[in-house]
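Analysis of the macromolecular model
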Amino acid sequence: MSTEYSFFLGCIMPNRYPAIESTTRFVLDKLGIEVKEMEKAGCCPAPGVFRSFNKPDWMVAAARNIAIAESNGADILTVCNGCFGTLFEVNHALKHDDELKKKVNARLKDLGYHVEASGEVKHIAQVLGFDIGPTEIRDYIKREVALTGVIHYGCHFLRPFTLKQIDDPEDPTILEDYFIDGLGIELLDYRRKHACCGAGGGVRAAHIEASMDMLYEKMAAVKQVPAQALLDICPFCHLQFDGGQQTLNKQRGTDFDIPIIHISQITAFAMGMDDIGMKYQATAPDFKLEGRPL
Amino acid sequence: MSKKEDTKKKPRIGVFVCHCGENIAAMVDVKSVAEYARTLPNVEFSTDYMFMCSKQGIQLIQDAVKEHNLDRTVVASCSHEQHWPTFAKAISDLGMNPHMHTQVNIREWDSWVTDDREAATAKAKRMVAAGVARAAQKEEVGTEKLPITKRSMVIGGGVAGLRAAMDLAELGIPVVLVEKETSIGGHMTMLNKTFPTDECPMCTLSPLLNGVMSHPNIEVLTLSEVTNLEGSMGNFEVEVTTKPRYVHDNCTSCGRCAEVCPVEVKNEWDHGFGMRKAAYKPFPQALPSVFTIDMRHCIDCGSCVIACPVEAIDFSMKKEKRTFKVGTIVVATGYEEYDPTEITAYHYEHPDVITQMQAERMFSPTTLTKGKIVRPSNGQVPKTVVVVQCVGSRNDQVGNEYCTGVCCMYGIKNSRFIKEHLPDTEVFFCYIDIRTPGLHYEEYYKRAQKTGIRFIRGRPSSIEPDPLSDKLIVDVEDTLTHTPYEIMADLVILSAGMVPPKGFGKLGGKLGLLRAKEGFAKEYHIKMGPVKSSRDGIFLAGAIQGPKDITQSVGHAGGAASAAAQPLVRGYLEKRMDTAVIDKDLCTSCMACIATCPIGAIVVGEAGQPVVNDAACKSCGACVPACPTGAIQIRNFRDRQLNAEVSALLSAAKAGGSNE
Ligand code: SF4
Ligand code: SF4
């Protein structure tokens, strides 16, 4: 594992959930990982919509971000499935296709950048769940989390498997191992656990009705089990779950009230941070996590 | 022909340029190629014609040979493989040596691979110039009749192997049938019903099984595998290794040994739906009707030895190796059902997710369930069954792009079977496309539609155990109505495709067979040689050449038997002698050629010098560059002949026959 990372913020986290950013910085600091800021970093850009319309421009914009990280001399760290999807895949493509790299660099030249794709792109869930792992994380936490929760993996963290090779996307255990063995959380299985939240791929922006249908099915399945919270690893899923529950309650008369907690938030809590920003969220702002001594 | 004659007599060459309809003429200016040919050294005559291979075209060549007193012909048309024999025969009918014909391929190597007419024409000219130069250097080569062993071997005792063995035996050819399992019959004996007639497979197969077992021309070797192969078409030497059965043939099949045997294990033949003892026969009608002791599980208690009334059990039996001389070989090693484990989204490890082969066993009356349709997890009758098509077929994620072609029919068959036995059970049939081509198959599907099976056009994205109940959640979109379904299933049956049997790589390697990228044995020509393998004298029968249903396998096997019988019935092999020859004066007996020949066609002769086995040599030329002194050459591919060709090609290019 690296001892320093170029921290890629993306769009949703700094704008909608700054608490995910502050908890991530807290966690990295506790782990002794140095954060290098990515000056002038742009949108990742989103792996679904942008790529479908214009793949070359999508690649160049992503490569520009990768180039910024490279000038820092540190691998990229993201806390978002979407950013991870784009940056990982473009980095991978550039690594394995010299022709493509030439073309992309020809365009980056005008902007004053050059990409080598010599580094790695990592997701915080991979760093916590695998690089550090459920055993070693216990050296860093101050308390276990007394919580019965459910997990949402999201789409881009593990797929496409042939490229990412982190865990079996059909039956992953990386988060379960981390939350159960590392943080002491009790987890429940629920129907539609591996279904999409309904946000990505431009669905939330273009077809809000369909997006809400998907969310409704997901939340209805969560409600069938006695979970106190839903744990996720992506600010965009986070936005969909957190804001979307309120939308559903308003428009469809449901009473969804499941607090949504990002992996950085819950890890920060276990490491001793009390205010992980739940009060700024739309759903269950009063929710308080309980700790359990180690 | 000696070198002296060679220099004395000036060759008289005729060049014939073919249009191949539009295949060549559309891209090559055939007239100008023919005109150009006339300017080449030694060419006495040249012309072009619409179809050289037609009767009229052949007549044209023969007339020209007679009229212009030609002694060599060059036809610029298609591949050597396709029509060299046609034109060689045309001139040999006139009494010439067939090797005096040279084929130039301006179709596959030229017109078909470009859309630049000018470049294609220039290239055709260069190729003709090279062909003419080569023709001038050609030597006469004879054809020899070689003796042959009148016996055939069939590897694999499934329905295809049985059919091939029977057909060969009926032509009076002695056959050795090699089967690696304890009994013959293969997958067909495991099936519950066969489409499209819903017949009992054992009833259909029995006459053939019994016929093969008792045929005076067939020797059946079970528990046996081919472990080595030497020689070539007409005279193979095959080593067969037979594992001990630990029961002698005087076994009366009384079954006492199994009664007393204390060890019970899963019966492989029942695919998880039946048990057997360590002393066993896999199914009641198994042939040969002799029990087997499975030494992997035997605990050596000796009960069976005491129980056997005819003292048939003998633990001292040993592995045996025998070598058979055979003229031809038929490979009929069949297929294996695809193992769906790697498609993790389908959770095949769940007891209520089974394959069609398992369903066949569950449905048949001789297994643990006694033919009842149940959920393996709890023995209850399933209320909702989902049949999933194209598992491991038409799926490039698992590397199998091909359609197995059989699964639609057996999937429909088993769906119907469930509906007939459990009319209140909902059966969902999830498919990508229904593929039921041919007589009686579409009709079968139509009838199935009327039974109330719900056909859903969509491939399930996942089959997951429900965390809240004992059901399976099948997620599938009906792509005809754009409706997503979440089916709560009690039983899921995966129509797993057909893949080449494990271990075929090893056998294929021993036999020297080329394999297709999917792992099946590659046929010689997909249309015109589907039963020939890549190796002379070895033929393919049934699903080892690619997925087939029983009807197709039996037909294919009949073809293979007939092809394998041809040389044996004729009684000799005709071999063209354009093979490797060794110049004794140059050869230093370094044996580099022996090490290089991929098929072992060169052996050490009595005088300690390498000797080429003309019958085996495939004229591949691998030995030629291996020889440090240039002693080994292929007739009509000698260095001087190839030099002439290449020089002509280069000088034609320089002379402007090129636009590069
Ligand atoms: S010796 Fe082996 S096969 Fe015979 S009864 Fe005992 S365990 Fe069974
Ligand atoms: S030409 Fe090929 S097959 Fe013939 S002897 Fe040489 S290497 Fe062997």
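Look above for the structure.
A brief look at the structure comes next. This is a predicted model, so every value here is computed, not measured.

**Here's the deal with the overall build of chain A**
- When its secondary structure is counted, chain A shows 13 helices and 10 strands.
- Here chain A has a C-alpha radius of gyration of 19 Å; the compact-globule value for 294 residues is 19 Å, and the two agree.
- When its C-alpha atoms are laid out on the principal axes, chain A stretches across 55 × 45 × 30 Å.
- Across chain A, every contact between residues at least 6 apart in sequence was considered, and the portion connecting residues at least 24 apart equals 77%.
- Summed over all atoms, the accessible surface of chain A reaches about 12,500 Å², with 51% contributed by carbon and sulfur.

**Details of the packing of helix α4 (residues 55–72) of chain A against helix α5 (residues 81–96) of chain A**
All names here are of chain A.
- One can describe the packing of α4 onto α5 by two numbers: an axis separation of 9 Å at closest approach and a directional angle of 95 degrees. For the element pair α4 / α5, the angle class is roughly perpendicular. Here W58, M59, A62, A63, N65 and I66 of α4 come into contact with α5, specifically with T86, L87, V90, N91, A93 and L94.

**Remarks on the state of the cysteines**
Residue and element names in this part refer to chain B.
- Using the criterion set out here, one finds 1 disulfide over all chains in the structure.
- The disulfide partner of C200 is C203, and the S-S distance across this bridge is 2.4 Å. Handedness of the C200-C203 disulfide follows from its S-S torsion of about 85 degrees: it is right-handed.
- For C390, which is in no disulfide, the shortest distance to another cysteine sulfur is to C408 and amounts to 6.1 Å.
- Since its relative accessible area comes to 10%, C390 is described here as buried.

**Some words on the pairing of strand β6 (residues 148–151) of chain A**
Residues and elements named next belong to chain A.
- Side-chain alternation along β6 places T148 and V150 on one buried face and G149 and I151 on a second face that is also buried.
- By the bridge criterion, 3 bridges tie β6 to strand β8 (residues 229–232) in an arrangement that is parallel. Bridging from a neighbouring strand, V150 pairs with L230 of β8.

**Quick look at α5 of chain A**
- In this model, α5 of chain A (16 residues) spans 22 Å end to end at C-alpha, consistent with the 22 Å of a helix rising 1.5 Å per residue.
- When you tally the buried positions in α5 of chain A, you get 13 out of 16 residues, the bulk of the element.

**Quick notes on the packing of aromatic side chains**
Residue and element names in this part refer to chain B.
- As enumerated under the stated definition, the model contains 14 aromatic pairs over all chains in all.
- For the ring pair F429 and Y431, a centre distance of 6.4 Å and an interplane angle of 40 degrees mean the geometry is tilted.
- On the basis of relative accessible area, F429 is assigned to the buried category, the value being 0%.
- Members of the aromatic cluster, each reached through a chain of ring pairs, are F429, Y431, Y445 and F455.
- Positioned over the ring face of Y524 is K532, at 4.0 Å from the centre of the ring.
- The ring centre of Y572 lies 6.0 Å from the NZ or CZ of R570, which sits over that ring.

**Focus on the sheet that holds strand β3 (residues 72–77) of chain B**
All names here are of chain B.
- Sheet architecture is open: 4 strands sit in the order β2-β1-β3-β4, paired in parallel fashion. Two strands bound the open sheet, and with one partner strand each, they are β2 (43–49) and β4 (101–105). The average undirected angle you get between the axes of adjacent strands in this sheet is 15 degrees.
- Pairing of β3 with β4, which is carried by 5 bridges, proceeds in the parallel orientation. The residue bridging V75 from the neighbouring strand is Q103, located in β4.
- Along the sheet, helix α3 (residues 30–38) contacts β1 (13–18) and β2; its crossing angle with β2, the most-contacted strand, is approximately 175 degrees.

**Regarding the site of ligand 1**
- The full set of residues close to ligand 1 is C261, P262, V263, A279, I293, C298, I299, C301, G302, C304 and F315 of chain B.
- Its residues assigned to classes, the shell around ligand 1 shows 10 nonpolar, 1 polar and no charged.

**A word on the pairing of β1 of chain B**
All names here are of chain B.
- The element β1 is extensively covered by neighbouring structure, given that 6 of its 6 residues are classed as buried.
- Taking every second residue as pointing to the same face, both faces of β1 are buried, with I13, V15 and V17 on one and G14, F16 and C18 on the other.
- As defined by bridge partners, β1 adjoins β2 across 6 bridges and the pair is classed as parallel. Bridge pairing in β2 links F16 to T47.
- Bridge count between β1 and β3: 5 bridges; the pairing is parallel. The residue of β3 that forms the bridge with F16 is V75.

**A few points about the sheet that holds strand β27 (residues 538–540) of chain B**
All names here are of chain B.
- Taken in spatial order, the 5 strands of this open sheet run β8-β7-β6-β16-β27, and their pairing is parallel. Edge strands, defined here as strands with exactly one partner in the open sheet, are β8 (218–221) and β27. Averaged over all neighbouring strand pairs, the angle between strand axes comes to 20 degrees, with direction disregarded.
- Where strand β6 (residues 152–155) meets strand β7 (residues 175–178), 4 bridges bridge the pair, whose relative direction is parallel. Each bridged residue has a counterpart across the sheet, and for S152 the counterpart in β7 is V175.
- Where helix α7 (residues 159–170) meets the sheet, it contacts β6, β7, β8 and β16 (328–331), and its direction lies at approximately 170 degrees from that of β7.

**Focus on the nonpolar core**
- Residues F179 and I266 of chain A are the most contacted members of the largest nonpolar core, which totals 94 residues.
- Per-element tally for this core: the top contributor is α4 of chain A, with 9 residues.
- Residues contacting F179 of chain A, with those up to four places away along its chain left out, are I151, G184, I185, L187, L231, I263 and I266 of chain A.
- Membership of the second largest hydrophobic core comes to 75 residues, among which are I148, L168, M498 and A564 of chain B.

**Digging into the interface of chain A and chain B**
- Contacts between chain A and chain B engage 10 residues on the former and 12 residues on the latter.
- The contact between chain A and chain B buries some 850 Å² in all, and 52% of this surface belongs to carbon and sulfur atoms.
- Sorting the residues of chain A by area buried against chain B places E170, R191 and R192 of chain A first, and these three jointly supply 59% of that buried surface.
- Linking chain A to chain B there are 3 salt bridges.
- Notably, a salt bridge pairs D466 of chain B with R191 of chain A, separated by 2.4 Å at the nearest N-O pair.
- Put simply, chain A and chain B have 4 residue pairs in polar contact (both at pLDDT 80 or more) between them.

Basis of the calculations
- Residues numbered from 1 in each chain as written.
- Chains lettered and ligands numbered in written order.
- Predicted model: local features only at pLDDT ≥ 70, side-chain atom pairs only at ≥ 80, totals over all residues.
- Heavy atoms only, no water.
- Helix = DSSP H or I, 4+ residues; strand = E, 2+ residues; numbered from the N terminus.
- Rg over C-alpha atoms; globule rule 2.2 N^0.38 Å.
- Contact = heavy atoms within 4.5 Å.
- Areas by Shrake-Rupley, 256 points an atom, 1.4 Å probe, with all protein chains shown as cover.
- Axes fitted to C-alpha atoms, helices over the stretch in contact; angles between N-to-C directions.
- Parallel < 35°, antiparallel > 145°, perpendicular 65-115°, else oblique.
- Disulfide = S-S within 2.5 Å.
- Buried < 20%, exposed > 50% of the residue type's maximum accessible area, 1.4 Å probe, protein only.
- Pairing = 2+ DSSP bridges.
- Expected span 1.5 Å × (residues − 1).
- Phe/Tyr/Trp six-rings, centres within 6.5 Å; stacked < 30°, edge-to-face > 60°.
- Lys NZ or Arg CZ within 6 Å of the ring centre and 35° of its normal.
- Near = heavy atom within 4 Å.
- Nonpolar A, V, L, I, M, F, W, Y, C, P; charged D, E, K, R; others polar.
- Core = buried A, V, L, I, M, F, W, Y, C linked by side-chain atoms within 4.5 Å.
- Buried area = accessible area lost by both parts, 1.4 Å probe.
- Salt bridge = Lys/Arg side-chain N within 4 Å of Asp/Glu carboxyl O.
- Polar contact = N/O pair within 3.5 Å; in protein donor to acceptor, adjacent residues only side chain to side chain.

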